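These are the residues of each chain, in order.
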Amino acid sequence: MNKDLTAVIPLESNPEVFDRFAYNLGLSTSYNFNDIFSIDDAELLAFLPRPVIAIVLLFPIQKNESLSPNYHSSNLISKDEQPIWLKQNFQNACGLYALLHILINNKRKLRKGSPLDEFLNNNKEIICSNIDQFIINFIQKHNQDFNESSGETTNPGPETNINLHFISFISYDGKLWELDGRSVKEEPLLLGNVNKMNQIDLENVDLINQPIIIKRIKKYMNNVDSESDKLKFSLMGLSKQ
C-alpha cells in the first residue's frame, strides 16, 4: 500500500486469504471460500461444498475483444433489480473489489453490526459514491493483513503491474451476473436468468449448476494468448460450511 492510498498490495487467489478479508469486512463465519479445481469433473466437484453461491475468477488479462458477450444490456432492467456495481479506483485492488461485489450483494450473509453491514445501513442511497472512503478506512485499519495478503507467494509492491485480474459471478433477483470493477461499460453484466430446473433454493443458487456461468468461465479459459496462460487461471467458490 502506498502513502497516497491509490494502490494496494494485490491479494493472492487463496481461500484462507479471502476468508480473512471477508470476515474482517463482515461475512458470517458460517461461510467460507474453497478452491474450485474443476467446473465439469464430477469426481473433483464431489469434494466441493454446495451450493456455491458466488464464484471468484482470477485470469490473465486478455488483449483481444472476443469476450464481448451478446447478452441483453442491464439497462433493460431497473436499477432496483440490478446488483450493486463498484468502479475499481485503486490499482491492484481487483481482489478486494471482487470480494466486495459478492458481500454487498449478499447482505443477509453479513454479521449484524459488522463494518460492511454498518456501512450499507448508513449509505443506502449513496453506496457507490461513498465506497472509496470505506475502502481507504478498511485498508488503513487492516494494513498488516494486506502486507500478509500474498499467502504462499512473494508479496509484490502495491504499484507493481500485475497481469492478472479478479472478477465475480453471483445470482441476484433470479438472474445471473458478472461483476468486474474495470468494466468498460461501468455496469454489472447480465448473463441471463437462473436455470430453475437445476436449482431448488433460489435464495442460494448453486452457480456450479448454472450452464450460463460454466459457459462464461470456459470462454475466459479458452481466450488465452498462449498455452502457458492456462496455468494462471484460478477459481474459488463461496459456500456454507
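Residues numbered from 1 in each chain as written. Predicted model: local features only at pLDDT ≥ 70, side-chain atom pairs only at ≥ 80, totals over all residues. Heavy atoms only, no water.

**Thoughts on a negative patch on the surface**
Together, D80, E81, E125 and D173 give the surface a local cluster of negative charge. Structurally, E81 is set in the loop between β2 (54-60) and α3 (94-104). On the basis of relative accessibility, which here comes to 36%, the residue E81 falls in the partly exposed class. (Patch = residues over 30% accessible without salt bridge, like charges linked within 9 Å, V, L, I, M, F, W, Y side chains within 5 Å. Areas by Shrake-Rupley, 256 points an atom, 1.4 Å probe, with all protein chains shown as cover. Salt bridge = Lys/Arg side-chain N within 4 Å of Asp/Glu carboxyl O. Lys, Arg positive; Asp, Glu negative; His and termini not counted. Charge placed at Lys NZ, Arg CZ, Asp CG, Glu CD. Helix = DSSP H or I, 4+ residues; strand = E, 2+ residues; numbered from the N terminus. Buried < 20%, exposed > 50% of the residue type's maximum accessible area, 1.4 Å probe, protein only.)

**A closer look at the UniProt feature "site: Important for enzyme activity" (unreviewed entry) in the protein chain**
The positions UniProt marks with the feature "site: Important for enzyme activity" (unreviewed entry) are D180. Under the relative-accessibility criterion, D180 is labelled buried at 14%. Among residues more than four places away in sequence, those in contact with D180 are W85, H101, H165 and I167. At 2.7 Å, the side chain of D180 and the side chain of H165 are in polar contact. (UniProt positions renumbered as here; feature names shortened; annotations may be inferred. Contact = heavy atoms within 4.5 Å. Polar contact = N/O pair within 3.5 Å; in protein donor to acceptor, adjacent residues only side chain to side chain.)

**Observations concerning helix α7 (residues 211-222)**
Every α-helix winds through 3.6 residues per turn, so residues three or four apart in the chain are directed the same way. Given a rise of 1.5 Å per residue, 12 residues ought to cover 16 Å, and the 16 Å separating the end C-alpha atoms of α7 matches this to within 8%. Looking at the buried residues of α7, the elements they touch are β2, β3 (164-172), β4 (175-179), β5 (189-193) and β6 (234-240). (Expected span 1.5 Å × (residues − 1).)

**Comments concerning the packing of aromatic side chains**
The relative placement of two aromatic rings is captured by the distance of their centres and the angle of their planes. For the structure on display, the rule yields 5 aromatic pairs. Ring geometry for F18 versus F33: centroids 5.7 Å apart, planes at 65 degrees, classification edge-to-face. On the criterion of sequence distance, the pair formed by F18 in helix α1 (residues 15-25) and F33 in strand β1 (residues 31-35) is long-range, its members being 15 residues apart. Classification of F18 by relative accessible area gives buried; the value is 0%. Under the relative-accessibility criterion, F33 is labelled buried at 2%. Seen from their ring centres, F21 and F138 are 6.3 Å apart, and the 55 degrees between their planes marks the pair as tilted. Taken together, the positions of F21 in helix α1 and F138 in helix α5 (residues 127-141) put the pair 117 residues apart, joining distant regions of the chain. Judged by its relative accessible area of 0%, F21 falls in the buried class. When its relative accessible area of 6% is taken as the criterion, F138 is described as buried. (Phe/Tyr/Trp six-rings, centres within 6.5 Å; stacked < 30°, edge-to-face > 60°.)

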